[in-house]
Structures are given as structure tokens and as C-alpha cells.
Amino acid sequence: MAGHPAPPSLGLVGTVNVDESAHAFSRKVLDRAFVLELAARDLGDWQAAAGAPRLDPWPASAWAPRAVRLGELSDLPRDDRRVVERAVAAVAEAAERLAPSAGVGYRSRDEIALFALHAAETPDVFRDEVGPVDPLDLALLTKLVPRLDGARGADRAAAFDLLAWAAGRSSASANDAQAFVDDWISDGRPSALVDARFPRTAARLARIAEGALDDGVASFWS
């Protein structure tokens, strides 16, 4: 991102325990944050790592965003415009399905699209042990899915509908969600569904749908 002007901005990072000692974030906070989970992946691995990972330092200019609102972007190259338009379309579609449970504002739309736009400049960073990771998938997972948190029928319906959308399916009834969750459980509850439209978002929504079906609560935080 070197060479882009740096608009005035402030970034804050904080942590919170997700257990009985803490409440879920308010919608006002979620509208201004990306939620990153730090979970224990292997409790059986207790020995020190063989060596520290190699880290490439980033210059200060790399932290300067191209914009903090979509309206500040102008004269976008064709490839950049495609990235933004894809993200905006996805947010609009997801927001429509999430609407019965929680609204999505312009701030969230802009931050998701800008996340995807900036990520396109460093595609090699967005990989895991399997292969490339879609930055838009990560942005939807960390920005929109945490807004699901409720036990109303509308919350459950929104979770089922959003699951169908993220998986690339059209049906969203409780029976359809149950069949999808059963398949997800049979596969070992993976953190990404490779055949889904948005693999990581769909996998997390399967976990949320499981809770909605079993306990009546559709919550990212459970």
C-alpha cells in the first residue's frame, strides 16, 4: 500500500474472554470492529516450537489505507473496481438475509469492501495449509456473522437463510439447515467448507445453525 495518502485514522486492538465471565459485544461495537478468534487448536501439543516463524517487517507506509470510506475512492482501475463491486454485492445480499435479526450499516459495507481491496495487494498472505483463502470470506466471517446473537424465531431464520446463502444454496428451512448441519458434523465439523460460496463463513454458520436447532439460540458467541 506504499504510495497511498494516509487519511487520519486510529486503529485499536483488544482482547476479551468468551466465557461465562463476559457478555457478547454490542452491535455498536461490532459495527466498528472485525472479530478475530484465537482458539486452542491442539491441546496435546505442549512442546516449544522448533524455531520462530520468519516475519517480514512492514514499513509505516504499509499501514496507511487507501481510504476509510468507499466514497473517498476515485478513478479505480478495472480490477480494483471488480473487487469492490463483488464485496458490495455480497454485503447487500448477506444484509438482506440478516435483516430479521440485525441490521447492517454503511460503515460495515465500506470496511468489508476496503478490507478486500487492500487484501488484493498482498494475495500471497491469504493462504493456509490447504491453499488460498478468500479475503472477502474472512471479512464476512469476522464482520457480519458475529451480529447473530439471539433466541427469537427471527434470529434462527436469519441464521438458516444466511447459511444457505454462504453455502451457495437456495433453500433455507429448518429441515434444510438440519440436513446441512448433519453433513457438516459427518465431515468432522471442519472450519471451512471447500465447495461453499464462502467456505469459512458457511462453516461457522453451520455451527451456529447447530446451536439454533439443538438449543433454540442462534449465536456466534456460543
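For the structure, see preceding data.
Residues numbered from 1 in each chain as written. Predicted model: local features only at pLDDT ≥ 70, side-chain atom pairs only at ≥ 80, totals over all residues. Heavy atoms only, no water.

At a minimum axis distance of 9 Å, the contact between helix α2 (residues 78-98) and helix α3 (residues 106-119) shows a crossing angle of 145°. Seen from above, α2 lies across α3 with right-handed handedness. Contacts between α2 and α3 involve D80, V83, V84, A87, V88 and V91 on the former and, on the latter, R109, I112, A113, A116 and L117. Here the contact of α2 with α3 is built from residues that sort into 9 nonpolar, no polar and 2 charged. (Axes fitted to C-alpha atoms, helices over the stretch in contact; angles between N-to-C directions. Helix = DSSP H or I, 4+ residues; strand = E, 2+ residues; numbered from the N terminus. Left-handed = near helix turned anticlockwise from the far one by under 90°. Contact = heavy atoms within 4.5 Å. Nonpolar A, V, L, I, M, F, W, Y, C, P; charged D, E, K, R; others polar.)

As a further point, take the side chain of K143. One can find K143 in helix α4 (residues 135-143). A polar side-chain atom of K143 sits 2.5 Å from a polar atom in the side chain of E111. Sequence-distant contacts of K143, defined by excluding residues within four places in its chain, comprise L30, D31, R32, A33, F34, S108, E111 and I112. (Polar contact = N/O pair within 3.5 Å; in protein donor to acceptor, adjacent residues only side chain to side chain.)

Attention shifts here to α3. Across its 14 residues, α3 extends 20 Å between first and last C-alpha, which sits within 8% of the 20 Å expected from 1.5 Å per residue. Those residues of α3 that fall on the buried side of the exposure criterion are S108, D110, I112, A113, L114, A116, L117, H118 and A119. Looking at the buried residues of α3, the elements they touch are α2 and α4. (Expected span 1.5 Å × (residues − 1). Buried < 20%, exposed > 50% of the residue type's maximum accessible area, 1.4 Å probe, protein only.)

Enumeration according to the criterion identifies 11 salt bridges in this entry. For D134, the salt bridge identified is with R86, shortest N-O distance 2.7 Å. Pair noted here: D134 is in the loop between α3 and α4 and R86 is in helix α2, with a separation of 48 residues, a long-range link. A relative accessible area of 23% places D134 in the partly exposed class. On the accessibility criterion, R86 (42% relative accessible area) is partly exposed. Note that R197 and E93 form a salt bridge whose closest N and O atoms lie 2.9 Å from each other. Linking R197 in the loop between α6 (174-186) and α7 (199-215) with E93 in helix α2, this pair joins segments that are 104 residues apart in sequence. Look at R197 and you get partly exposed, because its relative accessible area is 40%. Taken together, the shared-partner salt bridges in this structure form one network comprising R66, D80 and E121. (Salt bridge = Lys/Arg side-chain N within 4 Å of Asp/Glu carboxyl O.)

Turning our attention to the packing of helix α5 (residues 153-167) against α6. Running from N to C, α5 and α6 point in directions that differ by 55°, and their axes come no closer than 9 Å. For the element pair α5 / α6, the angle class is oblique. Along this stretch, α5 crosses α6, giving a crossing that reads as left-handed. Of the residues in α6, those touching α5 at F160, L163 and A167 are A174, A177 and F180. For the contact of α5 with α6, the class distribution of residues is 6 nonpolar, no polar and no charged. (Parallel < 35°, antiparallel > 145°, perpendicular 65-115°, else oblique.)

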